[in-house]
Amino acid sequence: ATYTYPDQAFGINAQQFVVARSTGGKPVVGVAPMAFYDPRHWYKSDPAVYEAYVAKMARFVSWLIDTNHDVAFFHTQVNGDDAVIPDILRNLHENGMTAQAMLCRELPVANYRQAIAAISQTDFVVASRFHAILFSYLLKKPVVGISYHQKVNDMMKTFGQGEFVVPIESFDSETLQGTFRRLE
């Protein structure tokens, strides 16, 4: 049997944590990577799968910058997903995309309030974690879900956004780009 339980985060008044951002300029895309198969943090360790994920995310971030978007990294899991951001930046540098890496910024997150504040500073979000996606919806931010679990698929479908989900196990950066373009 499958059981569904409510999440307390649905009851958060996200508006109280909103941080004002300047209007105008390039659209800001919040990117929240996760430690998918990261040997340091994932319950299953596979360095090759993790590095492939990091490379795909780096190519996507490079494409965002090349298509006139600002990139703001954030995370919703402290002591895990925060370690992925430097790995993506390292991949950009190692693959000749230093200029793109220099244009990225990281928004500080130590708790859910700061995660919501970070998301409030974006125009779009690309994320995997349930709460990153949920907080985006609470703030009415369009989101592409890189799904690692059925609960992400279910939530995206519940919000009528099932067409904006890609599976973490098999997505490529081109598919992610196309999904993002449809969202935009």
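Everything in this summary refers to the structure shown in the same document.

Conventions we followed
Here the residue numbers are simple positions, counted from 1 along each chain's written sequence. The predicted origin of the model limits local features to residues at a pLDDT of at least 70 and limits the giving and counting of side-chain atom pairs to 80 or more, whereas totals for whole chains, interfaces and linings rest on all residues. To obtain the side-chain values, all non-hydrogen atoms of the structure were used and water was disregarded. Note on conventions: DSSP H or I runs of at least 4 residues are helices, E runs of at least 2 residues are strands, and numbering of each starts at the N terminus. Classification of residues uses two cut-offs on accessible area relative to the type maximum, computed with a 1.4 Å probe and protein chains only: under 20% is buried, over 50% is exposed, and between them is partly exposed. Here, residues are in contact when the closest pair of their heavy atoms is within 4.5 Å. All accessible areas in this document rest on Shrake-Rupley with a 1.4 Å probe, and a residue is counted as covered only by the protein chains that are shown. The set of buried Ala, Val, Leu, Ile, Met, Phe, Trp, Tyr and Cys residues whose side-chain atoms join them within 4.5 Å is what this entry labels a nonpolar core. Between any two strands, pairing holds if DSSP finds at least two bridges. Consider the strands pointing away from the viewer: the crossover is right-handed when the path from the first strand over the helix to the second runs clockwise. To obtain an axis, a line is fitted to C-alpha atoms, over the contacting stretch when the element is a helix, and the angle between two such axes runs from 0 to 180 degrees between their N-to-C directions.

As a further point, take the overall build of the protein. For the protein, the helix and strand inventory stands at 7 helices and 6 strands. Starting at the N terminus and walking to the C terminus, you meet the elements of the protein as β-α-β-α-α-β-α-β-α-β-α-β-α. Residues classed as buried in the protein amount to 50% of the 184 residues present. Counted over contacts in the protein with a minimum sequence separation of 6, partners at least 24 positions apart contribute 62%. Surface summary for the protein: the accessible area is close to 9,000 Å², and the carbon and sulfur share equals 51%.

The nonpolar side chains of a soluble globular protein tend to be buried with one another. Formed by 61 residues in total, the largest nonpolar core has its most connected members in Tyr-53, Phe-74, Leu-176 and Phe-180. With 10 residues, the single largest contributor to this core is helix 1 (residues 47-66). Non-local contacts of Phe-180, meaning those with residues more than four positions away in its chain, are made with Val-29, Phe-60, Trp-63, Leu-64, His-69, Phe-124, Val-126 and Val-144.

Examined bridge by bridge, strand 1 (residues 28-32) and strand 2 (residues 70-73) share 4 bridges and lie parallel to one another. What sits directly across from Val-29, in strand 2, is Val-71. Remark: the strand 1/helix 1/strand 2 crossover connection has right-handed handedness. For strand 2 and strand 3 (residues 105-106), the ladder comprises 2 bridges, and the chain directions are parallel. If you follow Phe-73 over to strand 3, its bridge partner there is Glu-106.

If you trace the 6 strands from one edge of the open sheet to the other, you get 3-2-1-4-5-6, paired in parallel fashion. Two strands lie at the open edges of the sheet, namely strand 3 and strand 6 (165-167), each paired on one side alone. Pairing of strand 1 with strand 4 (residues 124-127) involves 4 bridges; the strand directions are parallel. Across the sheet, the residue bridging to Ala-32 is Ala-127, located in strand 4. Those strands touched by helix 7 (residues 173-183) are strand 1, strand 4, strand 5 (143-147) and strand 6, and its axis lies near 150° from that of strand 5.

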